[in-house]
Amino acid sequence: MTHRVFNFSAGPAAMPEPVLQRAQSELLDYRGSGMSVMEMSHRGSHFMAIRDKAEADLRTLLAIPADYRVLFLQGGALAQNAAVPLNLLPVGGVADYVDTGHWAQKSIAEGRKYGEVNVAASSADANYTYVPPQSSWHRSPRASYVHVTTNETIGGVEYFAIPDTGDVPLVADASSHILSRPFDVARFGVIYAGAQKNVGPAGLTVVIVRDALTGRARRECPSVLDYAVQAKADSMFNTPPTFAIYLAGLTFEWLLAQGGLAAIERVNVAKAEALYAEIDRTGFYGNPVRKEDRSRVSVPFVLRDESLNDAFLDGAKKRGLTQLKGHRAVGGMRASIYNAMPRAGVDALVSWMRDFERTHG
Ligand code: PMP
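Residues numbered from 1 in each chain as written. Predicted model: local features only at pLDDT ≥ 70, side-chain atom pairs only at ≥ 80, totals over all residues. Heavy atoms only, no water.

### A few points about a nonpolar patch on the surface
Where nonpolar side chains cluster on the molecular surface, the patch consists of L27, L28 and M38 and spans about 320 Å² of accessible area. With respect to the helices and strands, L27 occurs in the loop between helix 1 (17-25) and helix 2 (45-62). (Patch = residues over 30% accessible without salt bridge, like charges linked within 9 Å, V, L, I, M, F, W, Y side chains within 5 Å. Areas by Shrake-Rupley, 256 points an atom, 1.4 Å probe, with all protein chains shown as cover. Salt bridge = Lys/Arg side-chain N within 4 Å of Asp/Glu carboxyl O. Helix = DSSP H or I, 4+ residues; strand = E, 2+ residues; numbered from the N terminus.)

### Topic: the packing of aromatic side chains
Across all of its chains, the model carries 12 aromatic pairs by this definition. Where Y285 meets F301, the ring centres are 5.9 Å apart and the plane angle is 80°; that geometry is what we call edge-to-face. In this pair, Y285 sits in strand 11 (residues 285-286) while F301 sits in strand 12 (residues 298-303), placing the two residues 16 residues apart along the sequence. Here the two residues Y285 and F301 agree in accessibility, since each one is buried. (Phe/Tyr/Trp six-rings, centres within 6.5 Å; stacked < 30°, edge-to-face > 60°. Buried < 20%, exposed > 50% of the residue type's maximum accessible area, 1.4 Å probe, protein only.)

### Examining the site of the ligand
Surrounding the ligand, one finds G76, A77, L78, W103, N151, T153, D173, S175, Q196 and K197. At a separation of 3.1 Å, an oxygen atom of the ligand approaches a polar backbone atom of A77. In this structure, Q196 approaches the ligand through a side-chain N or O atom, which is 3.0 Å from an oxygen atom. Coverage of the ligand by the protein amounts to 85% of the 400 Å² it exposes when considered alone. Residues of the shell around the ligand, tallied by class, amount to three nonpolar, five polar and two charged. (Near = heavy atom within 4 Å. Polar contact = N/O pair within 3.5 Å; in protein donor to acceptor, adjacent residues only side chain to side chain. Nonpolar A, V, L, I, M, F, W, Y, C, P; charged D, E, K, R; others polar.)

### Observations concerning the pairing of strand 14 (residues 333-336)
Alternating residues of strand 14 divide into M333 and A335 and R334 and S336, and every residue in both groups is buried. Pairing of strand 12 with strand 14, which is carried by four bridges, proceeds in the antiparallel orientation. Residue pairing across strands places P300 opposite R334, the latter belonging to strand 14. (Pairing = 2+ DSSP bridges.)

### Details of the sheet that holds strand 3 (residues 94-99)
Pairing within the open sheet is mixed, and its seven strands lie in the order 2-10-9-8-5-3-4. The open sheet terminates on both sides in strands that have one partner only, identified here as strand 2 (68-73) and strand 4 (116-122). Shown here is a sheet whose adjacent strand axes are inclined to one another by a mean of 20°, direction ignored. Across six bridges, strand 3 lies against strand 4 in parallel orientation. The partner of Y97 across the bridge, within strand 4, is V119. (Axes fitted to C-alpha atoms, helices over the stretch in contact; angles between N-to-C directions.)

### Things to note about the domain arrangement of the chain
What the domain assignment lists for the chain is domain 1 (18-258) and domain 2 (259-360). Each side of the interface is counted separately: domain 1 has 28 residues, and domain 2 has 26 residues. The contact between domain 1 and domain 2 buries some 2,200 Å² in all, and 58% of this surface belongs to carbon and sulfur atoms. Three residues, T129, I154 and F160, lead the burial of domain 1 against domain 2; their summed loss comes to 24% of the area buried on that side. Counting every contact that joins domain 1 to domain 2 gives zero salt bridges. The interface formed by domain 1 and domain 2 includes 16 residue pairs in polar contact (both at pLDDT 80 or more). For the side of domain 1 that touches domain 2, the elements supplying multiple residues, two or more each, are helix 2, strand 6 (151-152), strand 7 (157-158) and helix 6 (242-257). Looking at the side of domain 1 that touches domain 2, the element that brings in the most residues is helix 6, giving four residues. Partitioned by chemical class, the residues of the side of domain 1 that touches domain 2 number 13 nonpolar, 11 polar and four charged. (Domains from an automatic or database assignment. Contact = heavy atoms within 4.5 Å. Buried area = accessible area lost by both parts, 1.4 Å probe.)

### Here we look at the environment of G286
Relative to the helices and strands, G286 resides in strand 11. Between the alpha carbons of G286 and V299 there is a distance of 11 Å; along the sequence they are 13 residues apart. Once residues within four sequence positions are removed from consideration, G286 is found in contact with I279, P300, F301, V302 and R304.

### Re the pattern of salt bridges
By the definition in use, this model includes 25 salt bridges. Two residues, D355 and R319, come together in a salt bridge whose shortest N-O distance is 2.7 Å. A residue pair is termed long-range when its members are at least 10 positions apart, and D355 in helix 9 (residues 343-360) and R319 in the loop between helix 8 (309-318) and strand 13 (321-322) qualify at 36 residues. Taking the relative accessible area as the measure of exposure, D355 reaches 22% and is therefore partly exposed. Judged by its relative accessible area of 40%, R319 falls in the partly exposed class. What you see here is one network of salt bridges that share partners, running through R22, E26, R31, K53, D57 and E253.

What follows is the structure in structure tokens.
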């Protein structure tokens, strides 16, 4: 008997069960090809059709305008932290970054290797519990782009308003909330995301870049990270992560069948509300993030009495609620409730939190 848990991992994360079942049913013989998608040429007709359908469906989901390119790359979001300056920042140039916590700082540190970083705003003054309002930003007049981390996976802070940076391209690391809600792509110059949270398995990186921002890469930019090179080659300058693209494509189909991003957003809002309501109910649990900026998909919380952490996690595991331990940088708990986490999983967690409080509160 197959036994599936409610997996609250931040990533690699739970995937929709119908996607896994479909992949299983097609594993040995993909549509009469006599082979698995893993085993076929990335330039053959079967895989080309998979890739094209995945891109088309992603374009439909996010309503990606025609003047944007979709790239399916390797290297994760952290490779994009280098690719962004290598593609957009001229030698001797300046870029603005907004510091909202752990992942923003990773982007900032990488950006500093390639030029001057102006930290336009930071929420360090309140331990990264809010999104600095745009009115407080101090942007450089020379900046080539403005970088934001639109969902802080560890801190649990999410942008709900998209900043307006005028003619300066806005660049977003959207790794942990892409596809969790509609996104106005036209407001961004570049959106990038590691797939392993809300898109598919690890190994794939999605980059959505405005055409006009390709073709500016620095001489030393590795060709595999060069947006123009990869766009021209349909992301096949080198071998793409074929099986991950296939699974991402199945996930896009699943999302479309759910009614698209507006529909999944409604589910995500309801899930997040149920979980935060429990966290806030009595003070036994806590989440420090300003209410308006609380992430709908990355939900860190603490037990006020930390000595109960292990008992909480052990009991959760016995109920089939796994991967709830918080990131080592912050401790406590974290429930990642991406698209693939069903409402029933959140309800089971809330019910465990109540029972645990009743016996330990
Ligand atoms: N940015 C964010 C917001 C993340 O959550 C993560 C992964 N947890 C990363 C970047 C790093 O991504 P990758 O491991 O795909 O390079």
